[in-house]
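# Observations on the three-dimensional arrangement
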Amino acid sequence: MNKLDIILKVLDDRKAEDVNVLELKDSSIADTFVIATGTSVIQTKALADYIEEELDKNGFSLLSKEGLREGEWILMDADDIIIHIFTQRQREFYGIDDLWEE
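The protein is annotated in an unreviewed UniProt entry as Ribosomal silencing factor RsfS from Anaerococcus octavius. UniProt, in its Sequence similarities (unreviewed entry) section for the protein, records the words "Belongs to the Iojap/RsfS family." Quoted verbatim from the Subunit (unreviewed entry) heading of the UniProt record, the comment on the protein is "Interacts with ribosomal protein uL14 (rplN)."

Here you go:
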């Protein structure tokens, strides 16, 4: 299984909401953004932990992980894939989907 498939499977298995995959064209940041919503801070933190665990089991590692303490917006850098896990309120506030889709 490739890295993106692992991430998407974890998000699906763990009931993340409104999962969006954005392919970034000509970006130096990453090739792909994965954006998902958790129903609570507890769920966003758990999603991040499960993603990291599954990536590690499959030989992939994270370069960094931020926002875990607050849990409102967790940013995970998996090299060519950046994962954003939001609470609903934060996702609506930042509107990151709209910023990168344009």
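This structure, assessed with the given rule, holds 3 aromatic pairs. Taking the centre distance of 4.7 Å and the plane angle of 50 degrees together, the rings of Trp73 and Tyr94 count as tilted. Of the two residues, Trp73 sits in strand E4 (residues 73-77) while Tyr94 sits in helix H3 (residues 88-94), which places them 21 residues apart along the sequence. For Trp73, a relative accessible area of 28% translates into the label partly exposed. Residue class for Tyr94 comes out partly exposed when judged on its relative accessible area of 38%. In this structure an aromatic cluster arises from ring pairing among Trp73, Phe86, Phe93 and Tyr94. Over the ring of Tyr50 we find Arg14; its NZ or CZ atom is 3.7 Å from the centre of that ring.

So, about the nonpolar core. Most often, soluble globular proteins keep nonpolar side chains buried together rather than apart. Within the largest apolar cluster, 18 residues are counted, with the highest numbers of intra-cluster contacts made by Ile7, Leu11, Ile51, Leu55, Met76, Ile83 and Ile85. Of all the secondary-structure elements, those providing two or more residues to this core are helix H1 (3-13), strand E2 (32-38), helix H2 (41-57), E4 and strand E5 (81-87). Setting aside residues no more than four positions away along its own chain, Ile85 makes contact with Ala36, Thr44, Leu47, Ala48, Ile51, Glu72, Trp73, Ile74 and Met76. Membership of the second largest hydrophobic core comes to 8 residues, among which are Ile35, Ile82, Phe86 and Ile96.

It is worth spelling out the pairing of E2 at this point. In regular strands, side chains alternate between the two faces of the sheet. Judged by how many residues are buried, E2 sits mostly within the fold: 7 of 7 residues are covered. When strand E1 (residues 17-23) meets E2, the two strands line up antiparallel, connected through 5 bridges. Its bridge partner being in E2, Asn20 is matched across the sheet by Ile35. Pairing analysis gives 7 bridges linking E2 to E5, with the strands arranged parallel. Across the sheet, the residue bridging to Thr37 is Phe86, located in E5.

Cut-offs used in this document
Residues numbered from 1 in each chain as written. Predicted model: local features only at pLDDT ≥ 70, side-chain atom pairs only at ≥ 80, totals over all residues. Heavy atoms only, no water. UniProt positions renumbered as here; feature names shortened; annotations may be inferred. Phe/Tyr/Trp six-rings, centres within 6.5 Å; stacked < 30°, edge-to-face > 60°. Helix = DSSP H or I, 4+ residues; strand = E, 2+ residues; numbered from the N terminus. Buried < 20%, exposed > 50% of the residue type's maximum accessible area, 1.4 Å probe, protein only. Lys NZ or Arg CZ within 6 Å of the ring centre and 35° of its normal. Core = buried A, V, L, I, M, F, W, Y, C linked by side-chain atoms within 4.5 Å. Contact = heavy atoms within 4.5 Å. Pairing = 2+ DSSP bridges.

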